[in-house]
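Spelled out from the first residue to the last, the chains are:
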Amino acid sequence: QVQLVESGGGLVQTGGSLRLSCVILGHPAHNPPMGWFRQAPGKEREFVGHISALGASTYYADFVKGRFIITRDNAKNTVYLQMNSLTLEDTAVYYCAARGSGGNIYTPQSYDYWGQGTQVTVSS
């Protein structure tokens, strides 16, 4: 059974940093391509970024470029989302997701498995 276990969310002031972790358990590919999404209250889930299976390629939404960095440690089956220079608009539940074989990286429907989500709250 595939499980994605997230951690690292919390409360941070504007301008601060957080690092989210996502441990991948039981996936047949062991280390699939992974995405990060977020969902704020009353809004649709939106793409944050993506990392390839070996970590050689990363893609980011325009609103996080230069602030967020996605990395992975395949020996630990873990993907990270380092978030810097956080703003109030970054407040959301953040999800990691394992990508399937079809679709594009930007749409939630392209991902087969999802973590439970971790709350990130940025305060002024």
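Along each chain, residue indices are assigned from 1 in the same order as the chain's sequence is written. With the structure being a predicted model, the display of local features is reserved for residues of pLDDT at least 70 and the display and counting of side-chain atom pairs for 80 or more, all residues being used for whole-chain, interface and lining totals. Side-chain numbers come from the whole structure's heavy atoms, not from hydrogens or water.

Next up on the list: the state of the cysteines. Disulfide: a pair of cysteine sulfur atoms within 2.5 Å of each other. One pass over the structure, following the stated rule, counts one disulfide. Shown here is the disulfide that connects Cys22 with Cys96, its sulfur atoms set 2.1 Å apart. The disulfide joining Cys22 to Cys96 has a torsion of about 65° about its S-S bond and is therefore right-handed. A residue pair is termed long-range when its members are at least 10 positions apart, and Cys22 in strand 3 (residues 18-25) and Cys96 in strand 9 (residues 92-99) qualify at 74 residues. Of the two residues examined, Cys22 and Cys96, each falls in the buried class. Strands here are runs of E lasting at least two residues and helices are runs of H or I lasting at least four, both read from the DSSP assignment and numbered beginning at the N terminus. Note on exposure labels: buried denotes an accessible area under 20% of the residue type's maximum, exposed denotes more than 50%, and partly exposed covers the range between, all computed with a 1.4 Å probe on protein chains only.

What follows is about the sheet that holds strand 3. In spatial order, the strands read 1-3-8-7; together these four strands make up an open sheet with antiparallel pairing. Here the strands that pair on one side only, and so sit at the sheet edges, are strand 1 (3-7) and strand 7 (68-73). Averaged over all pairs of adjacent strands, the angle between their axes in this sheet comes to 15°, without regard to strand direction. Criterion used throughout: strands pair if DSSP finds at least two bridges between them. For strand 1 and strand 3, the ladder comprises five bridges, and the chain directions are antiparallel. Orientation is described by axes fitted as lines to C-alpha atoms, over the contacting stretch for helices, and by angles from 0 to 180 degrees between their N-to-C directions.

For Arg38, the location among the structural elements is in strand 4 (residues 34-39). Polar side-chain contacts of Arg38 include one of 2.8 Å to the side chain of Asp90. A distance of 3.0 Å separates the side chain of Arg38 from the side chain of Tyr94, its partner in a polar contact. The contact criterion used is simple: two residues touch if any of their non-hydrogen atoms lie within 4.5 Å. Discounting chain neighbours no more than four positions away, the residues touching Arg38 are Glu44, Arg45, Glu46, Val48, Phe63, Phe68, Glu89, Asp90, Ala92, Val93 and Tyr94. Each polar contact in these results corresponds to two N or O atoms within 3.5 Å; when the atoms are within protein, one needs to be able to donate a hydrogen and the other to accept it, and residues that are neighboring in sequence are counted only if both atoms are side-chain atoms.

Salt bridges are defined by distance alone: a side-chain nitrogen of Lys or Arg within 4 Å of a carboxyl oxygen of Asp or Glu. A full pass over the atoms with the stated rule returns four salt bridges. Here Arg38 and Glu46 are joined by a salt bridge, their closest N and O atoms 2.7 Å apart. Residue Arg38 is classed as buried on the basis of its relative accessible area of 6%. Its salt-bridge partner being Asp62, residue Lys65 comes within 3.2 Å of it at the nearest N-O pair. Look at Lys65 and you get exposed, because its relative accessible area is 51%. Take Asp62: its relative accessible area is 64%, and that puts it in the exposed class. In this structure, a network of salt bridges that share partners links the residues Arg38, Glu46, Arg67 and Asp90.

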